[in-house]
Amino acid sequence: MEKLAPLTFIKSNTFDELSKFLKTKNYSSYFILCDENTLAHCLPTLITKCKLLTDAEIIEIESGEENKQLEIVANIWQTLIDFNADKNSLLINLGGGVITDLGGFVASTFKRGIDFINIPTTLLAMADASVGGKNGIDFANIKNVVGTITQPKAIFIYDNFLSTLPQRQYSNGLAEVYKIALIANKKLWQNLSEKREAKIIETSVGLKQKIVAKDVHDKGLRKILNFGHTLGHAIESFLLNTENPLLHGEAVVIGMLLESHIAFQKKMITKEIFIEIETVLCTHFNIEIKEKLGFENLKPIISNDKKNSSNKIRMALITDIGACTFDVEVTEKQIINALNYFEGNATKRN
Ligand SMILES: NC(=O)c1ccc[n+]([C@@H]2O[C@H](COP(=O)([O-])OP(=O)(O)OC[C@H]3O[C@@H](n4cnc5c(N)ncnc54)[C@H](O)[C@@H]3O)[C@@H](O)[C@H]2O)c1
């Protein structure tokens, strides 16, 4: 089994752990990848608390998913060359999921692979994106279509970075925490709203690491992490070109609700469980959308989903709160029923 990144999550001494890590490794040079927001809000803390990084080269890119692309990768490769990065250099990804995905890809391809570490600064990156080794870029308008699976050498999580994160981004990350609870840990699901932030992140990361360790290359069990994402991704893509686009996590919440309804239709969960999921998600997230979704709008995107095979739609679906299975065949009718339920209840929820 491939070795996963050792996780350090000790809020009070995250940076002592980082300094210790750097001392043991003897890297020839350090590069820190950030965007304008993590440069302003997180970099000063990192450099103040970890003196070894005082002379690190800073590579700043513009924030946003639209920058997770090949041209930016090429610019970063060029900067690494200009500043004489060698096989023994370290790339430090300081940012949200865009930075950790992009930086992981840059590092895993530069000189056939240099070491990188992740210092996630959004809730989504702390609880999800920085963990598991999937990295990559968007290409030809397809999300994450080019990339590698390469583990970071370590992940350092400092949850104080969340203090500057906008509320909408925070809620976006919380969606993935609810997802991991729903697919893998009933206790987390039941106590989520009362738990300390640090504990929630630690538990989510632990659960994801455990799933990934069993299936690093995404051939089986790891697919359960896609619960809520088949329809969530279709909704996100469809709304992208409207006046009211959703963040990924916001779309995934609706995806989880719809896919739970499909699990209920297939008698994989009871009505009581479905209602509980609906109630919890509606309490903690704003799930209203202005646009009418309509199966015909989502169908082309769903048909291209990478989880399908033999022209059948396949999804990861829950079998209980805290349990999930994958490659479940779903019919168009079941998706339409779920959409009708969701849209039919919109007025009741308001
Ligand atoms: N590799 C994986 O397993 C995995 C899993 C889930 C998502 N992802 C990827 O993650 C990306 C989304 O990540 P994200 O939601 O973190 O988005 P992001 O990286 O774009 O960050 C969101 C915004 O928050 C800002 N920001 C970051 N940290 C901040 C801080 N501490 N204070 C203030 N502002 C801050 C960023 O500059 C950006 O504007 C997507 O590209 C998605 O594909 C990857």
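Residues numbered from 1 in each chain as written. Predicted model: local features only at pLDDT ≥ 70, side-chain atom pairs only at ≥ 80, totals over all residues.

Before going further, it helps to examine the overall build of the protein chain. Helix and strand content of the protein chain: 15 helices and 10 strands. Here the C-alpha radius of gyration of the protein chain, 20 Å, is about what a compact globule of 350 residues would show, namely 20 Å. With the principal axes as the frame, the protein chain shows a C-alpha extent of 60 × 40 × 40 Å. Taken over 350 residues, the protein chain has a buried fraction of 44%. (Helix = DSSP H or I, 4+ residues; strand = E, 2+ residues; numbered from the N terminus. Rg over C-alpha atoms; globule rule 2.2 N^0.38 Å. Buried ≥ 20, exposed ≤ 12 C-beta atoms within 10 Å, placed from the backbone.)

What follows deals with the packing of helix H11 (residues 248-265) against helix H12 (residues 271-284). Contact geometry for H11 and H12: axes closest at 9 Å, N-to-C directions at 170°. Taken together, the axis directions place H11 and H12 in an arrangement best described as roughly antiparallel. Of the residues in H12, those touching H11 at Val 253, Met 256, Leu 257, Ser 260, His 261 and Phe 264 are Lys 271, Phe 274, Ile 277, Glu 278 and Leu 281. Here the residues of the contact of H11 with H12 sort into 7 nonpolar, 2 polar and 2 charged. (Axes fitted to C-alpha atoms, helices over the stretch in contact; angles between N-to-C directions. Parallel < 35°, antiparallel > 145°, perpendicular 65-115°, else oblique. Contact = placed C-beta atoms within 7 Å. Nonpolar A, V, L, I, M, F, W, Y, C, P; charged D, E, K, R; others polar.)

Let us now look at the pairing of strand S7 (residues 142-146). Here strand S6 (residues 137-139) pairs with S7 via 2 bridges, running antiparallel. When the bridges of S7 are listed, Phe 139 appears paired with Ile 142. What sits between S6 and S7 in their antiparallel hairpin is a turn of 2 residues, with Ala 140 showing a positive phi close to 50°. (Pairing = 2+ DSSP bridges.)

Membership of the largest hydrophobic core comes to 97 residues, with the highest contact counts inside it found for Ile 32, Leu 33, Leu 91, Ile 92, Leu 94 and Ile 235. Residue contributions to this core peak at 10 residues, all from H11. Residues from two domains meet in this core; each of domain 1 (7-165) and domain 2 (168-349) gives at least three. If we ignore the near neighbours within four places in the chain, the residues touching Ile 92 are Tyr 30, Phe 31, Ile 32, Leu 33, Ile 117 and Ile 119. (Core = buried A, V, L, I, M, F, W, Y, C linked by C-beta atoms within 7 Å. Domains from an automatic or database assignment.)

Now for the sheet that holds strand S3 (residues 57-61). Spatially, the 6 strands line up as an open sheet ordered S1-S8-S5-S4-S2-S3, and their pairing is parallel. In this open sheet, the two edge strands, each paired with only one partner strand, are strand S1 (7-8) and S3. This element, helix H1 (residues 14-25), spans S1 and strand S8 (154-156) of the sheet and lies at about 150° to S8.

So, on to the site of the ligand. Taken together, 29 residues are adjacent to the ligand, and Asn 37, Ser 63, Gly 96, Gly 97 and Thr 122 come closest. Elements represented by at least two residues in the shell around the ligand include exactly helix H2 (36-41), helix H5 (97-109), helix H6 (123-129) and helix H7 (167-184). Here the shell around the ligand is built from residues that sort into 8 nonpolar, 15 polar and 6 charged. (Near = placed C-beta within 6 Å.)

Turning to H11, a few remarks are in order. Its 18 residues place the ends of H11 25 Å apart at the C-alpha level, agreeing with the 26 Å of an ideal helix rising 1.5 Å per residue. Buried residues dominate H11, accounting for 17 of its 18 residues. Lys 267 lies just past H11 and shows a positive phi near 60°. (Expected span 1.5 Å × (residues − 1).)

Looking now at the domain arrangement of the protein chain. Domain assignment breaks the protein chain into domain 1 (7-165) and domain 2 (168-349). Once you take the C-alpha centre of each, domain 1 and domain 2 turn out to be 28 Å apart. With 17 residues of domain 1 at the interface, the matching set in domain 2 holds 19 residues. Taken together, the residues that form the side of domain 1 that touches domain 2 break down as 11 nonpolar, 3 polar and 3 charged.

Let us look at unusual backbone geometry. Positive phi values are uncommon outside glycine, yet Asn 84 reaches one of about 55°. Within the secondary structure, Asn 84 is located in the loop between helix H4 (70-82) and strand S4 (90-95). Positioned with a positive phi, Asp 327 is a non-glycine residue whose angle comes to about 60°. Inspection of the secondary structure assignment puts Asp 327 in strand S10 (residues 323-330).

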